[in-house]
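Structural characterization, general
Listed below are the residues making up each chain.
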Amino acid sequence: MTDAAADTPGFRLTGSAPERYEQYVAPLMAPFVTALVDGVGLNPGDTVLDLACGTGFVARLAAARVGPTGRVHGADASPDMLGVATAHRPHLYPDIEFTPASADRLPYDDASFDAVLCQQGAQFFPDLLAALTQAARVTRPGGRFAATTWTDLSASPYFLAQHEVITRYAGAEAAAPYTEAFRCTGDVLTEALHKAGFQDATTRTLTLDVTLPPLATHAAGHLSAIPWGVRIAQEHGPEALAEAGRAIADRFTHRTAPDGTVTLPFTATLVTATR
């Protein structure tokens, strides 16, 4: 569900789940990662931080943009996610330095970065203002910040179906944090950014069509890569997870292409600001 992720106890992935996250979340995140990186206009030679980097989707694209004279760092609270990020680190670009760190305790010097990026992580920070204050501290004057968050569950049919099966198989209490992840709106972010020391915060709604692999297998795999789906498997067994995945796939049979792929709209908010 998120590219960032594991910055709170509510989004912790261990064992083989981070590798599945890399596999199953990548198709969904790709166009939003591009939009996020485009939002700060990276230049060759820039120094960039991927905040709450997860398995490194944003860091890898940023490295391609800044080129061999640039530098890219990724910070995340989950060593397991960082292990996968390191394993998938490309070798054609400058090395990406991944560091275990909570968003509200960043181990970087003041004014270290030309740009700070956060893909689907802000909604999971225990203290959003503290995290953004840290982001402001490590951004140089005139530097750029950009973040994306999912902010409208009803506007993303796939996520709505995912929420319904999580509620059905894991219960309303387990599904409640899933719903909370969609409440970090553009207004919430811009207010926090201004309080943290950023300026000129603007928001833009992104609704992008994403083509997902055949859902008969992909939906269950995706569930297995997020905490709520892991809970279904732990409490009810792998067959329940497979059933939940099939229930999601059944929702979209009318939109399934001959090759089994499904193209669906996803909506996120992109927030940008300057330091």
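Since this is a predicted model, take the numbers as computed values, not measurements. (Residues numbered from 1 in each chain as written. Predicted model: local features only at pLDDT ≥ 70, side-chain atom pairs only at ≥ 80, totals over all residues. Heavy atoms only, no water.)

All buried positions along helix α3 (residues 79–87) are accounted for by Met81, Leu82, Val84 and Ala85. Looking down the long axis of α3, one finds its buried residues gathered within 160 degrees of arc, a one-sided arrangement. Seen from the open side of α3, the exposed residues pointing more than 90 degrees away from its buried face are Pro79 and Ala87. Buried residues along α3 sit against α1 (17–38), β2 (71–76) and β3 (96–100). (Buried < 20%, exposed > 50% of the residue type's maximum accessible area, 1.4 Å probe, protein only. Helix = DSSP H or I, 4+ residues; strand = E, 2+ residues; numbered from the N terminus. Arc of directions from axis to C-beta. Contact = heavy atoms within 4.5 Å.)

We now examine the sheet that holds β3. Working definition: the strands of a sheet are paired by backbone hydrogen bonds and lie parallel or antiparallel to each other. Strand order in this open sheet of seven strands is β3-β2-β1-β4-β5-β7-β6, and the pairing throughout is mixed. Lying at the two open borders of the sheet, with one neighbouring strand each, are β3 and β6 (199–212). Strand-to-strand twist across the sheet, computed as the mean angle between neighbouring axes with direction ignored, equals 20 degrees. Judged from the six bridges that link them, strand β5 (residues 139–149) and strand β7 (residues 262–274) form a sheet pairing that is antiparallel. Across the sheet, the residue bridging to Phe145 is Ala273, located in β7. Packing of helix α4 (residues 128–138) onto the sheet brings it into contact with β1 (47–51), β4 (113–119) and β5, and relative to β5 it is tilted by some 145 degrees. (Pairing = 2+ DSSP bridges. Axes fitted to C-alpha atoms, helices over the stretch in contact; angles between N-to-C directions.)

From the geometry alone we can't say anything about function, so treat these as descriptive.
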